[in-house]
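Next come the chains, spelled out residue by residue.
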Amino acid sequence: MPLIEVLLLLLILSRVLGEIVERLGQPAMLGEVLAGVLLGPSILGLIQYTPEIRAIADLGVLLLVFLASLAVLNPVSEIHAQLILLSFGIFQAFERSLI
């Protein structure tokens, strides 16, 4: 499967499962992780572990840890946290363009 199709499938299923799990009173992240486990090589095997997928997964883990540290260490408003994350993303894109 091409990378764009894999990402689209993962995004759609993670959004759907996130909404379902959220309606059951659980965090949406639980459904998103469940979507990754379902589509990954563990169960259905629709997504193969390629270097591109690994890079995207590593970036996702980095952003998740970054957001968790923002929530724990400094209780800022949600808008402020989103601005910090946006500036981090812009910096990351700029840094990658220099390499």
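Keep in mind it's a predicted model, so treat the numbers as computed, not measured.

A. Structural detail: the overall build of the protein chain. Helix and strand counts for the protein chain stand at four helices and zero strands. The helix and strand sequence of the protein chain, counted from the amino end, reads α-α-α-α. Looking at the protein chain alone, contacts between residues at least 24 apart form 33% of all its contacts between residues at least 6 apart. Total accessible area on the protein chain stands at roughly 7,600 Å², and carbon and sulfur atoms take up 72% of it.

B. Layout of the side chain of Ser14. As for its position among the elements, Ser14 is in helix H1 (residues 3-23). A polar contact is formed between the side chain of Ser14 and the backbone oxygen of Leu10, at a distance of 2.9 Å. Once residues lying within four places of it in the same chain are set aside, the contact partners of Ser14 are Glu32 and Ala35.

C. Quick peek at the packing of H1 against helix H2 (residues 28-39). The interhelical angle for the contact between H1 and H2, taken along N-to-C directions, is 135°, at an axis separation of 7 Å. In terms of orientation, H1 lies oblique with respect to H2. In the crossing of H1 with H2, the sense of the turn from one axis to the other is right-handed. For the pair H1 and H2, contact is made by Leu9, Leu10, Leu13, Ser14, Leu17, Gly18, Val21 and Glu22 and by Ala28, Leu30, Gly31, Glu32, Leu34, Ala35, Gly36, Leu38 and Leu39, respectively. Looking at the contact of H1 with H2 residue by residue, the classes come out as eleven nonpolar, four polar and two charged.

D. Examining a nonpolar patch on the surface more closely. On the surface, Met29, Val33, Val37, Ile43, Leu44, Leu46 and Leu64 cluster together to form a nonpolar patch covering roughly 630 Å² of accessible area. If you trace the backbone, Val33 turns up in helix H2.

E. Here's a closer look at the pattern of salt bridges. Across all of its chains, the model carries two salt bridges by this definition. Put simply, Arg15 and Glu19 hold a salt bridge, and the shortest N to O gap is 3.4 Å. Here Arg15 and its partner Glu19 are both found in helix H1, four residues apart, which amounts to about one turn of the helix. As a salt-bridge pair, Asp58 and Arg54 come within 3.7 Å of each other at their nearest N and O atoms. In this pair, Asp58 and Arg54 are both assigned in helix H3 (residues 51-73), four residues apart and thus about one turn of the helix distant. Owing to a relative accessible area of 41%, Asp58 belongs among the partly exposed residues under this scheme.

Calculation criteria
- Residues numbered from 1 in each chain as written.
- Predicted model: local features only at pLDDT ≥ 70, side-chain atom pairs only at ≥ 80, totals over all residues.
- Heavy atoms only, no water.
- Helix = DSSP H or I, 4+ residues; strand = E, 2+ residues; numbered from the N terminus.
- Contact = heavy atoms within 4.5 Å.
- Areas by Shrake-Rupley, 256 points an atom, 1.4 Å probe, with all protein chains shown as cover.
- Polar contact = N/O pair within 3.5 Å; in protein donor to acceptor, adjacent residues only side chain to side chain.
- Axes fitted to C-alpha atoms, helices over the stretch in contact; angles between N-to-C directions.
- Parallel < 35°, antiparallel > 145°, perpendicular 65-115°, else oblique.
- Left-handed = near helix turned anticlockwise from the far one by under 90°.
- Nonpolar A, V, L, I, M, F, W, Y, C, P; charged D, E, K, R; others polar.
- Patch = residues over 30% accessible without salt bridge, like charges linked within 9 Å, V, L, I, M, F, W, Y side chains within 5 Å.
- Salt bridge = Lys/Arg side-chain N within 4 Å of Asp/Glu carboxyl O.
- Buried < 20%, exposed > 50% of the residue type's maximum accessible area, 1.4 Å probe, protein only.

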